[in-house]
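Spelled out from the first residue to the last, the chains are:
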Amino acid sequence: MTREAQQFASDNYAGICPEAMAAMTAANQGSAVAYGDDEWTQRAADAFRTLFDTDCDVFFVFNGTAANSLALASLCQSYHSVICASSAHVETDECGAPEFFSNGSKLLVAPSIDGKLTPEAIRALASSRSDIHFPKPRVVTITQPTETGQVYTVEEVRAISAVCRELGLKLHMDGARFAHACAALDCLPAAITWQAGVDVLCFGGTKNGMAVGEAILYFDRSLAIDFDYRCKQAGQLASKMRFLSAPWTGLLETGAWLRNAQHGNACAQRLADHVSGLDSLRLIFPVQANSVFLEAPSAILDGLRARGWRFYTFIGGGARFMFAWDAQIARVDALGRDLRALAMAQVDDRIPA
Ligand SMILES: *Cc1c(COP(=O)(O)O)cnc(C)c1O
């Protein structure tokens, strides 16, 4: 099979980073105890506790939909509700899994352009009804960074958690790209999670250089009771758990988790720099993490496709480009040059002959 030129349609196009692969290979020596009672799983959980500087409970599942859905289900009774932004992955891209695994907890959706929730929006939804006929608000979930690449500052997370505490709500963070938020803010993982009032974090491994796998961290360990049974029932308990957990030791112990994210963020910024100052291209959102969302005339988007570029337009209302740990600088520059050339051709078209 010939290798195709690199594309930036999704950060899930990337392969496994060397640090995760080395740990997988190391874990593949001999046999180990099954179902998570092995040394690799212990070591990975300890690496999280070290990184977050706290004694949290850690679980490993196969993907982000399972991590989010099971975490939210663990925080809710079936008659509860979960407040999220309208563009939240749990609402738009998980096929009803949060409602399914919670046996019906309803998602209450707050309108949001950039994917962020605000204390005001949370308060408005949580206090919109207090009668028996409406599902009782119980959890707030925020995505860090959001689906459109916006990063909550520490202050913003703190303000949200303050409202949660006041209203008796738990705070869950969907961190499918959590590392990219840490890289963007240049802050310690603890500062934007438990120190800012987050109760449960889903930390993405897949978009950070692993083949597969997400970690769920319970900072409030009382909330994790029986969570292992919930994972098993949902088909999320890996029997050869070491292969889900070992790659985390590779990412966390070497610092690759942060380097990978820094690289993705830098490539997004690099593409944004390429297209700055062009009239026919507009960044829909400020570039803060590893994504670039471009609004462009259809002629430019068609031109890009004709030049072989792949991208999605169903998220964020424009062309989306995502940069993973393996993004090649030369390809980023090639995309930037193509965009610039197509934009300049647009301008030429508009000049009367
Ligand atoms: C990718 C992603 C997930 C996880 O998706 P899976 O395909 O289920 O692994 C969760 N939340 C956000 C914001 C994502 O971008």
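Residues numbered from 1 in each chain as written. Predicted model: local features only at pLDDT ≥ 70, side-chain atom pairs only at ≥ 80, totals over all residues. Heavy atoms only, no water.

### Thoughts on the site of the ligand
(1) Moving on: Around the ligand lies a shell formed by N63, G64, T65, N68, H89, E94, T143, E147, D174, A176, R177 and K207.
(2) Moving on: Here an oxygen atom of the ligand sits 3.1 Å away from a polar atom, N or O, in the side chain of R177.
(3) Moving on: Surface burial for the ligand is 83%, taken as the share of its 390 Å² of free accessible area covered by protein chains.
(4) Moving on: The element best represented in the shell around the ligand is helix α3 (residues 64-75), accounting for three residues.
(5) Moving on: Taken together, the residues of the shell around the ligand break down into one nonpolar, six polar and five charged. (Near = heavy atom within 4 Å. Polar contact = N/O pair within 3.5 Å; in protein donor to acceptor, adjacent residues only side chain to side chain. Areas by Shrake-Rupley, 256 points an atom, 1.4 Å probe, with all protein chains shown as cover. Helix = DSSP H or I, 4+ residues; strand = E, 2+ residues; numbered from the N terminus. Nonpolar A, V, L, I, M, F, W, Y, C, P; charged D, E, K, R; others polar.)

### Some remarks on the domain arrangement of the chain
(1) Moving on: Here the chain is described as being made up of domain 1 (18-254) and domain 2 (257-350).
(2) Moving on: The distance between the C-alpha centroids of domain 1 and domain 2 comes to 29 Å.
(3) Moving on: Facing 24 residues of domain 1, the contacting portion of domain 2 comprises 19 residues.
(4) Moving on: Summed over both partners, the interface of domain 1 with domain 2 buries about 1,800 Å², with 57% contributed by carbon and sulfur atoms.
(5) Moving on: It is T148, Q150 and H180 that lose the most area in domain 1 upon contact with domain 2, and together they represent 26% of the buried surface on that side.
(6) Moving on: Here domain 1 and domain 2 share one salt bridge between them.
(7) Moving on: With a shortest N-O distance of 3.4 Å, E19 and R259 are connected by a salt bridge.
(8) Moving on: Here domain 1 and domain 2 share nine residue pairs in polar contact (both at pLDDT 80 or more) between them.
(9) Moving on: Of all the secondary-structure elements, those providing two or more residues to the side of domain 1 that touches domain 2 are α1 (18-27), α8 (178-185) and α10 (242-254).
(10) Moving on: Broken down by element, the side of domain 1 that touches domain 2 gets its largest block of residues, five residues, from α8. (Domains from an automatic or database assignment. Contact = heavy atoms within 4.5 Å. Buried area = accessible area lost by both parts, 1.4 Å probe. Salt bridge = Lys/Arg side-chain N within 4 Å of Asp/Glu carboxyl O.)

### Considerations on the packing of aromatic side chains
(1) Moving on: If you walk through the whole model with that rule in mind, you get 18 aromatic pairs.
(2) Moving on: Taking 4.8 Å as the distance between ring centres and 70 degrees as the angle between the ring planes, the aromatic pair formed by F59 and F227 counts as edge-to-face. Taken together, the residues F59 in strand β1 (residues 57-61) and F227 in helix α9 (residues 227-233) connect sequence positions 168 residues apart.
(3) Moving on: Grouping aromatic residues by their ring pairs yields a cluster made of F48, F52, F60, F178, F203, F219, W248 and W257.
(4) Moving on: The side chain of K116 reaches across the aromatic face of Y152, ending 5.6 Å from its centre. (Phe/Tyr/Trp six-rings, centres within 6.5 Å; stacked < 30°, edge-to-face > 60°. Lys NZ or Arg CZ within 6 Å of the ring centre and 35° of its normal.)

### Topic: helix α11 (residues 256-275)
Because the α-helix completes a turn every 3.6 residues, residues three or four places apart line up on one side.
(1) Moving on: Relative to the 28 Å expected for 20 residues at 1.5 Å per residue, α11 spans 29 Å between its end C-alpha atoms, a close match to the ideal helical length.
(2) Moving on: Taken from the residues just after α11, G277 is the one with a positive phi, measuring 85 degrees. (Expected span 1.5 Å × (residues − 1).)

### A few points about the side chain of Q150
(1) Moving on: Residue placement: Q150 occurs in the loop between β4 (136-143) and α7 (154-167).
(2) Moving on: Within the local environment of Q150, its side chain forms a polar contact with the backbone oxygen of P286, the two atoms lying 2.9 Å apart.
(3) Moving on: Residues in contact with Q150, not counting those within four places in the same chain, are D114, K116, Q144, P145, F285, P286 and Q288.

### Overview of unusual backbone geometry
(1) Moving on: A cis amide bond links Q144 with the next residue in sequence, P145, at an omega value of -10 degrees.
(2) Moving on: Here P145 is to be found in the loop between β4 and α7.
(3) Moving on: A positive phi is found at N103, a non-glycine position, where the angle reads about 60 degrees.
(4) Moving on: The residue N103 is located in the loop between α5 (97-101) and β3 (106-110) in this model.
(5) Moving on: Overall, the relative accessible area of 66% leaves N103 in the exposed class.
(6) Moving on: Not every positive phi belongs to a glycine, and D186 is a case in point at roughly 50 degrees. (Buried < 20%, exposed > 50% of the residue type's maximum accessible area, 1.4 Å probe, protein only.)

### Description of the pattern of salt bridges
(1) Moving on: Throughout the structure, instances matching the rule amount to 15 salt bridges.
(2) Moving on: Of the charged contacts, one joins E4 and R310 as a salt bridge, the two residues approaching to 2.8 Å between their closest N and O atoms. In this pair, E4 is assigned in the segment before α1 and R310 in the loop between α12 (298-306) and β10 (319-322), connecting sequence segments 306 residues apart.
(3) Moving on: Its relative accessible area of 59% is what places E4 among the exposed residues.
(4) Moving on: Exposure remark for R310: the relative accessible area of 41% places this residue in the partly exposed category.
(5) Moving on: Put simply, R221 and D55 hold a salt bridge, and the shortest N to O gap is 2.9 Å. One end of the pair, R221, is in the loop between β7 (214-218) and α9; the other, D55, is in the loop between α2 (39-52) and β1, with 166 residues separating them in the sequence.

### Things to note about the packing of α10 against α11
A pair of packed helices can be characterised by two numbers: the angle between their axes and the separation between those axes.
(1) Moving on: Between α10 and α11, whose axes approach to 5 Å, the crossing angle comes to 80 degrees. With respect to α11, the element α10 is oriented roughly perpendicular. Contact with α10, carried on its side by G250, L251, L252 and T254, involves A256, W257, R259 and N260 of α11 and no other residues of that element.
(2) Moving on: Classifying every residue of the contact of α10 with α11 by side-chain character gives four nonpolar, three polar and one charged. (Axes fitted to C-alpha atoms, helices over the stretch in contact; angles between N-to-C directions. Parallel < 35°, antiparallel > 145°, perpendicular 65-115°, else oblique.)

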